[in-house]
Amino acid sequence: NLALGLRPSMLDDFGLQAAIEWLVRDFMRRSSIDVELSVVGDVDALPDKYRTCVYRVIQEALTNCARHARAQSIAVSMAADATGLHVTVTDDGVGVDMSKRGRGFGLRGMQERVRELGGTVSLARRAADGGTVLTCHLPEPVAREGKGAALARLAG
């Protein structure tokens, strides 16, 4: 179960979107927290490392919402476009205490995983109504190869 939770075979068998849909349904069943999922663009076209990274980021973000936020609802958004993949996880909980942020391994693990792929992760407290927003951006995979690699590929 632990191995499947870290990288479910569903990512290979059905793609990222189906794996995240399953993760969200399972999370709602176990936590009784409502989650709204929005997916825009072809998130399944991402390379394997990216799909695994996104799955783990969303998994950890949901876990943090259940453990720390005392949230009643969570919104998860994935949007793929020409610049890459944008992931946002927003909750209506108590909000992150920015002075204690980063002491655990969860957020640090997310940041390291995303940074390896040239991306960024940010965490912020929502303004007036509380809650937390986690934002992750992974650049489009081909853009990371650089012009030299693209030219070499064209040259054969």
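Before reading on, note that the structure itself is shown above.
Residues numbered from 1 in each chain as written. Predicted model: local features only at pLDDT ≥ 70, side-chain atom pairs only at ≥ 80, totals over all residues. Heavy atoms only, no water.

S.K.: For the environment of Asp-91, give the residues involved together with the corresponding values.
M.R.: Here Asp-91 is to be found in strand β3 (residues 84–91). Judged by its relative accessible area of 5%, Asp-91 falls in the buried class. Ignoring any residue separated from it by four or fewer positions in sequence, one finds Asp-91 in contact with Cys-65, Ala-69, Ala-71, Ser-73, Ile-74, Arg-126, Gly-130, Gly-131 and Thr-132. (Helix = DSSP H or I, 4+ residues; strand = E, 2+ residues; numbered from the N terminus. Buried < 20%, exposed > 50% of the residue type's maximum accessible area, 1.4 Å probe, protein only. Contact = heavy atoms within 4.5 Å.)

S.K.: Tell me about the packing of helix α4 (residues 48–69) against helix α5 (residues 105–116), and name the residues and values.
M.R.: Two numbers describe how α4 lies on α5: the axes approach to 10 Å, and their chain directions differ by 160°. Judged by the inter-axis angle, α4 sits roughly antiparallel to α5. Considering how the two elements wind past one another, α4 and α5 form a crossing that is left-handed. Across the interface between the two elements, Thr-52, Cys-53, Arg-56, Val-57, Glu-60, Ala-61 and Asn-64 from α4 touch Gly-106, Met-110, Arg-113 and Val-114 from α5. Taken together, the residues of the contact of α4 with α5 break down into five nonpolar, three polar and three charged. (Axes fitted to C-alpha atoms, helices over the stretch in contact; angles between N-to-C directions. Parallel < 35°, antiparallel > 145°, perpendicular 65-115°, else oblique. Left-handed = near helix turned anticlockwise from the far one by under 90°. Nonpolar A, V, L, I, M, F, W, Y, C, P; charged D, E, K, R; others polar.)

S.K.: So what about the pattern of salt bridges? Which residues, and what values?
M.R.: Inspection of the entire model under this criterion finds four salt bridges. A salt bridge links Arg-51 to Asp-12; the nearest nitrogen and oxygen atoms lie 3.8 Å apart. With a gap of 39 residues between them, Arg-51 in helix α4 and Asp-12 in helix α2 (residues 10–13) connect regions that are remote in the sequence. In this structure, the salt-bridge partner of Asp-26 is Arg-30, at a minimum N-O distance of 2.9 Å. Residue Asp-26 and its partner Arg-30 are located together in helix α3 (residues 16–31), separated by four residues, close to a single helical turn. With a relative accessible area of 54%, Arg-30 lands in the exposed category. (Salt bridge = Lys/Arg side-chain N within 4 Å of Asp/Glu carboxyl O.)

S.K.: Lay out α3 with the relevant residues and their values.
M.R.: Helix length check: α3 (16 residues) gives 22 Å between terminal C-alpha atoms against 22 Å at 1.5 Å per residue, within 8%. Elements that come into contact with the buried residues of α3 comprise α2, β1 (34–40), α4 and β2 (73–81). (Expected span 1.5 Å × (residues − 1).)

S.K.: So what about the pairing of strand β5 (residues 132–139)? Which residues, and what values?
M.R.: Here eight bridges tie β3 to β5, and the two strands are oriented antiparallel to one another. For Val-89, the partnering residue across the bridge sits in β5 and is Leu-134. Pairing geometry for strand β4 (residues 120–125) and β5, over six bridges, is antiparallel. Directly across from Leu-123, in β5, lies its bridge partner Leu-134. (Pairing = 2+ DSSP bridges.)

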